[in-house]
Amino acid sequence: MSANLCPHFPSFGSAGAPFSATILPMQKQRLFTGLQPSGALHIGNYLGALKQTTELLQSAEGLVMIADYHALTTLKDPSELRENIAGVVRDYVAVGVDPKKAIIFQQSSVPQHTELAWILDCLVTVPFLMQAHAYKDKVAKGLDANAGLFTYPMLMAADILLYDTDIVPVGADQKQHVEYAREAAVKFNTAFGETFKEPKEKILDAVAVVPGTDGKKMSKSYSNTIPLFGTKDEIQKAVMSIVTDSKAESPENVYNIHRLFRDREELSALYKENKGKYKALKDALVEDIEAVVGPMRARRESITDNDVKAILADGGERARAQAEKKMADVRNKVGVTI
Ligand code: ADP
Ligand code: TRP
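Bear in mind that the values here come from a model prediction, so they are computed numbers and not experimental data. (Residues numbered from 1 in each chain as written. Chains lettered and ligands numbered in written order. Predicted model: local features only at pLDDT ≥ 70, side-chain atom pairs only at ≥ 80, totals over all residues. Heavy atoms only, no water.)

Caption draft 1: Representation of the overall build of the protein chain within the structure. What the protein chain contains, in helices and strands, is 13 helices and five strands. A compact globule built from 338 residues should have a C-alpha radius of gyration of about 20 Å, and the protein chain, at 22 Å, falls within 12% of that. Projecting the C-alpha coordinates of the protein chain onto the three principal axes gives extents of approximately 75 × 60 × 40 Å. Here the protein chain, with 338 residues, has 46% of them falling under the buried criterion. Within the protein chain, contacts between residues separated by at least 24 positions form 76% of all contacts whose residues are at least 6 apart in sequence. For the protein chain, the computed accessible surface area is about 17600 Å², with 54% contributed by carbon and sulfur atoms. Of the side chains in the protein chain, 41 bear a positive and 43 a negative charge, and the two mean positions are spaced by 1 Å. (Helix = DSSP H or I, 4+ residues; strand = E, 2+ residues; numbered from the N terminus. Rg over C-alpha atoms; globule rule 2.2 N^0.38 Å. Buried < 20%, exposed > 50% of the residue type's maximum accessible area, 1.4 Å probe, protein only. Contact = heavy atoms within 4.5 Å. Areas by Shrake-Rupley, 256 points an atom, 1.4 Å probe, with all protein chains shown as cover. Lys, Arg positive; Asp, Glu negative; His and termini not counted. Charge placed at Lys NZ, Arg CZ, Asp CG, Glu CD.)

Right, here's the structure in full:
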């Protein structure tokens, strides 16, 4: 890499620079994140996870993964899964991930993920995995969790650890999973010697939990979402359904979403001017969402099926090369390479 890695030393690294032999170039941080191809994105996914991913990728090296094997824990419809996988590639590119720089790839195209997950599964105990929220919530609802859901945290740990990841940009609900990845790294390193970096989650406080149309966390499981790449009409319909208290002066649920799109001062003037006029405030919110989403929607529509295939083929190859290097070391350390 010949790019100038250190902005404070303009000539750093160039031939003949006085310090080039003694100062090591600043290492770029390595970023890893993933999304399950389990349905259309909503603005909570964008503000909580995707937006900061694209911002961090300006200065970090990164991999963004389509977690298709994770999605199999819930999704059993092959044609829907296929469609969703292509959809996530389009989503990533539309929000600004550059496939020439970042590696965009499918989890299933790098078998080293499930291979490492097995090794990590053999290092952790059943009670340790029983603490995972996703598993506990399912059991609390009286539902049967499949074994894939139970071991989900170790597959996610494998995703992250294979690439010497420093940071994992996610929404607050994924914090525990990144903690599991850290603990898995420590357990492996303690048992077999220093191998994995301990990754850190990157959660933006202001958007850690984006509220939905009912004021609770926006989630596709609660049917309270505002679609990210819906048509303007669909966004309008979702915004009009935001629950408001008819006695209040200001519609709190509208404001709590609106403040994520406009600065506080402008917003307080707007809400003062329109005291009690919920329809006008909701219309203003639709326009503010559209100003952000419109250009991304247009970019998304320009991505062809062939573009998607080419991005995945290239990303898969680049990810496999890195993952195999790490797994060769892991196989050797655990003793299966003879
Ligand atoms: P959902 O809850 O709708 O099923 P996912 O679990 O697929 O969403 O989340 C994908 C990513 O988006 C994760 O990093 C998650 O933390 C983030 N995310 C999801 N919902 C929100 C939200 N309401 N606020 C902030 N981030 C969110
Ligand atoms: N569990 C994440 C979610 O549901 C998706 C995911 C899988 C992921 N592997 C990952 C996120 C690795 C970050 C890093 O949203």
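Caption draft 2: Highlighting the side chain of glutamate 290. One can find glutamate 290 in helix α12 (residues 278–301). Among the polar contacts listed, one links the side chain of glutamate 290 to the side chain of arginine 297, at a separation of 2.9 Å. If we ignore the near neighbours within four places in the chain, the residues touching glutamate 290 are Lys232, Ile235, Pro295 and Arg297. (Polar contact = N/O pair within 3.5 Å; in protein donor to acceptor, adjacent residues only side chain to side chain.)

Caption draft 3: Highlighting the site of ligand 2. Every one of the 14 residues lining ligand 2 counts as a neighbour, but Gln36, Tyr152, Met156, Asp159 and Gln174 are closest to it. One nitrogen or oxygen atom from the side chain of glutamine 174 is found 3.0 Å from a nitrogen atom belonging to ligand 2. In isolation ligand 2 has 370 Å² of accessible area, and contact with the protein removes 91% of it. Within the residue set of the shell around ligand 2, elements represented by two or more residues are β1 (30–35) and α7 (147–161). Examining the composition of the shell around ligand 2, we find that four residues originate from one element, α7, more than from any other. For the shell around ligand 2, a count of residues per class yields eight nonpolar, five polar and one charged. (Near = heavy atom within 4 Å. Nonpolar A, V, L, I, M, F, W, Y, C, P; charged D, E, K, R; others polar.)

Caption draft 4: Geometry of the pairing of strand β3 (residues 103–106). Here β3 shows no split at all, with Ile103 and Phe105 on one side and Ile104 and Gln106 on the other all buried. Bridging between strand β2 (residues 61–66) and β3 involves four bridges; their strand directions are parallel. Its bridge partner being in β3, leucine 63 is matched across the sheet by isoleucine 103. (Pairing = 2+ DSSP bridges.)

Caption draft 5: Looking closely at the site of ligand 1. Taken together, 18 residues sit near ligand 1, with His42, Gly171, Asp173, Val210 and Lys220 positioned nearest. Contact distances for ligand 1 include 3.3 Å between a nitrogen atom and a backbone N or O atom of glycine 44. Contacts to ligand 1 include lysine 220, whose backbone N or O atom sits 2.8 Å from an oxygen atom. Against a free-state accessible area of 540 Å², the protein chains account for coverage of 91% of ligand 1. It is helix α1 (residues 43–56) that contributes the most residues to the shell around ligand 1, four residues altogether. Counted by class, the shell around ligand 1 contains eight nonpolar, seven polar and three charged residues.

Caption draft 6: Inspection of helix α9 (residues 232–240) at higher detail. For α9, every residue scored as buried is listed here: Ile235, Ala238 and Val239. One side of α9 carries all its buried residues, which in axial view fall inside an arc of 100°. Along α9, exposed side chains directed more than 90 degrees from the buried face belong to Asp233 and Lys237. Packed against the buried residues of α9 are α12. (Arc of directions from axis to C-beta.)

Caption draft 7: Examining the environment of leucine 57 more closely. For leucine 57, the location among the structural elements is in the loop between α1 and β2. Sequence spacing of leucine 57 and glutamate 198 is 141 residues, and the spatial spacing of their C-alpha atoms is 19 Å. Other than its neighbours up to four places away in sequence, leucine 57 contacts Leu31, Gly62, Val97 and Ala102.

Honestly, it's all geometry; don't read function into it.
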